[in-house]
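# Structure at a glance
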Amino acid sequence: MENYFQLNLPKSKIDAISNLGLAHIGDAVYEVLCRSYLCAQGGKTVKNLHQNTVAMVNAPAQAAFADVLLPHLTEEETDYFRRGKNAHSHAAPKAATAREYAKATGLEALFGALYLAGKTERINELFLMILEAKNGI
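In what follows, the accompanying structure is described.

What counts as what
Residues numbered from 1 in each chain as written. Predicted model: local features only at pLDDT ≥ 70, side-chain atom pairs only at ≥ 80, totals over all residues. Heavy atoms only, no water. Helix = DSSP H or I, 4+ residues; strand = E, 2+ residues; numbered from the N terminus. Rg over C-alpha atoms; globule rule 2.2 N^0.38 Å. Buried < 20%, exposed > 50% of the residue type's maximum accessible area, 1.4 Å probe, protein only. Areas by Shrake-Rupley, 256 points an atom, 1.4 Å probe, with all protein chains shown as cover. Salt bridge = Lys/Arg side-chain N within 4 Å of Asp/Glu carboxyl O. Expected span 1.5 Å × (residues − 1). Contact = heavy atoms within 4.5 Å.

Each helix and strand in the protein was counted, giving seven helices and zero strands. N-terminal to C-terminal, the α/β element order of the protein is α-α-α-α-α-α-α. The C-alpha atoms of the protein give 15 Å as radius of gyration, which agrees with the globular expectation for 137 residues (14 Å, within 12%). The C-alpha extent of the protein, read off along each of the three principal axes, is 45 × 30 × 30 Å. Each of the 137 residues in the protein was classed as buried or not, and the buried ones make up 36%. As displayed, the protein offers around 7,900 Å² of accessible surface, 57% of which is attributable to carbon and sulfur atoms.

So, in structure tokens, the structure goes:
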């Protein structure tokens, strides 16, 4: 049996995963990054951590962050973003437009593909761009 828990799946394996499958794993990766960043800031109550996390992982915020990243993506990364963005999901949240939800799903698919490819350094570079945009640096 193949080891699917390694962090450098070949492109062919990643490409075989559905768009929403990539977004599913990317959602977890992105949320762990946000939670880690917020915990590292220190001095927050659990309630503050939760509220701050929700503010970063909601679809409108993710869509805005996707706009920040798009000019910096490689062609392959843009393709993964586009795959997620074009995924047909029937469950858009009430607090987001369909366009925001699509961009958020694209962002998640991108992070999912990078994670599965073992490109943690690139994930960190992109997340730093998000933090810079969030904090106005």
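Quick look at the pattern of salt bridges now. Pairing between side chains of opposite charge can happen when the charged atoms of each approach one another. Evaluated as defined, the whole model comprises nine salt bridges. A salt bridge links Lys 11 to Asp 15; the nearest nitrogen and oxygen atoms lie 2.7 Å apart. Remark: Asp 15 and Lys 11 occur in helix 1 (residues 11-15); sequence separation between them is four residues, near one turn of the helix. With relative accessibility at 43%, the residue Lys 11 sits in the partly exposed group. Asp 15 gets classed as partly exposed once you look at its relative accessible area, which sits at 33%. Connected through shared salt-bridge partners, Lys 11, Asp 15, Glu 76, Arg 83 and Lys 119 make up one network.

The subject of this paragraph is helix 7 (residues 120-134). Taking 1.5 Å as the rise per residue, helix 7 with 15 residues should run 21 Å; its terminal C-alpha atoms sit 21 Å apart, in good agreement. Turning to helix 7, its buried residues number three or more, namely Arg 122, Ile 123, Leu 126, Phe 127, Ile 130 and Leu 131. Residues of helix 7 that are buried sit in contact with helix 2 (19-41), helix 3 (46-57), helix 4 (59-69), helix 5 (75-85) and helix 6 (98-116). Positive backbone phi, at 65°, marks Gly 136, one or two positions downstream of helix 7.

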